[in-house]
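Structural overview
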Amino acid sequence: MSLNNERNGSEESYELHDAQIHLYKHVYNFVSSMALKSAMELGIADAIHSNGKPMTISELVSALKLQPSKAVALHRFMRLLTHNGFFTKTSEEGEEEAYALTPPSKLLIRTKPTCLNTVVGGALHPCLSDMWHASKKWFTEDDKELSLYECASGGSFWDFMNNDLQVLKIFQSAMAADSQIFKLSLKECRNVFEGLDSLVDVGGGTGGVARLIHEAFPHLKCTVLDQPQVVSGLTSTENLSFVGGDMFHSIPSSDAVLLKWVLHDWDDEHSLKILKNCKEAISGKGKEGKVIIIDIVIDEAGDDRELTELKLDYDLVMLTMFNGKEREKKEWEKLIYDAGFSSYKITPICGFKSLIEVYP
Ligand SMILES: C[S@@+](CC[C@H](N)C(=O)[O-])C[C@H]1O[C@@H](n2cnc3c(N)ncnc32)[C@H](O)[C@@H]1O
């Protein structure tokens, strides 16, 4: 279907105008992202949530303590955000329009466990957008190991995070927030964890997922392995412990290893090393052991356009930050078999992620 509804010219001019709309839309995609970040920083969703009913622009200006002179600007921000599905407008006959929350803006409510504000703030942090200005330079550098982030800033993103506790906190909080959504999926995939006595969550961050698994399976002995600076200061309990270490060096023995949102940070060579160490870690359990991977599986033929776009966006985020990658089914299969495993099973979960059970 054509983007340009008003057809008055030649086919050539329709095509040109449709092309222009398409191109401009992609040029200005960042405006939608930044307006969302503004809404998050202003706390618009929190204000509407606390109010208990839809709010007009003047009520929002007053609740958020904004300058009354910015009411018109706020209305324009809300118009775009409403168009993009973050709010809905309700209006009674003769009354001022009021804005209500939608499921996506409910994910911006600070007091809810499903709040994703840290993901919005982390993903739209200037350090991640600034690097894109160096992409031409990066493409002309002949260094396979160099990520775009390193090319732009002179150091790896891991070093940047690990040398600045504030930044490390932002990104670990974003990971922890994303993991809360996993609570719902855990109900659907309980069988994956049933029958296990021990599990190591490799690259498990501050333990967001391990805590959810521990709550659902209190008898299961969960260990979170992450970099020492990430787990230092976290308190271990009887069945939930934190270990500082290096997954490229060794992984504690257990019945199962969980790798959630970890392998996409790494290229195939590094991922192979991690998977081989996982295989070693579960070897004591014989054929009963397993590795549980939670990551994206790109499926352009099976997924709808919007879902594929998100997965492909993520692929470039991983490429530019870490030289990592999102993988198609055949790429996962190659990695799994190259690491010496004999079979695997993919189950889609979590909206855009999949759970891959991998067997020795
Ligand atoms: C993208 S985060 C995923 C965190 C967590 N699994 C989740 O889903 O919320 C990747 C994690 O890998 C950890 N990591 C990076 N290098 C590591 C290493 N050599 N050994 C152990 N963990 C590492 C990072 O500190 C980070 O917590």
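Relevant structure appears above.
1. Some thoughts on the pairing of strand β4 (residues 198–202)
Burial analysis of β4 places five of its five residues in the buried class, which makes it a mostly covered element. In terms of handedness, the path from β4 via helix α15 (residues 208–216) over to strand β5 (residues 221–226) forms a crossover that is right-handed. By the bridge criterion, three bridges tie β4 to strand β7 (residues 256–260) in an arrangement that is parallel. Looking across to β7, one finds that Val-200 is bridged to Val-257.

2. Thoughts on the environment of Phe-248
Take Phe-248: it is sitting in the loop between β6 (240–244) and β7. Phe-248 sits in the partly exposed class, given a relative accessible area of 22%. Placed 182 residues apart in sequence, Phe-248 and Leu-66 show a C-alpha to C-alpha distance of 50 Å.

3. Quick look at the sheet that holds strand β2 (residues 87–90)
Here three strands make up an open sheet; going across it, the order is β1-β3-β2 and the pairing antiparallel. With partners counted over all chains shown, the strands left at the sheet margins are β1 (55–56) and β2, one partner each. Where β2 lies against strand β3 (residues 98–101), four bridges are found, and the strand directions are antiparallel. Directly across from Phe-87, in β3, lies its bridge partner Leu-101.

4. A word on the pattern of salt bridges
Taken as a whole and assessed by the stated rule, the structure comprises 16 salt bridges. A salt bridge links Lys-290 to Glu-357, with the shortest nitrogen-to-oxygen separation between them at 3.0 Å. A residue pair is termed long-range when its members are at least 10 positions apart, and Lys-290 in strand β8 (residues 290–295) and Glu-357 in strand β12 (residues 353–359) qualify at 67 residues. Here the two residues Lys-290 and Glu-357 agree in accessibility, since each one is buried.

Quick notes on the rules
- Residues numbered from 1 in each chain as written.
- Predicted model: local features only at pLDDT ≥ 70, side-chain atom pairs only at ≥ 80, totals over all residues.
- Heavy atoms only, no water.
- Buried < 20%, exposed > 50% of the residue type's maximum accessible area, 1.4 Å probe, protein only.
- Helix = DSSP H or I, 4+ residues; strand = E, 2+ residues; numbered from the N terminus.
- Right-handed = clockwise from strand over helix to strand, strands pointing away.
- Pairing = 2+ DSSP bridges.
- Salt bridge = Lys/Arg side-chain N within 4 Å of Asp/Glu carboxyl O.

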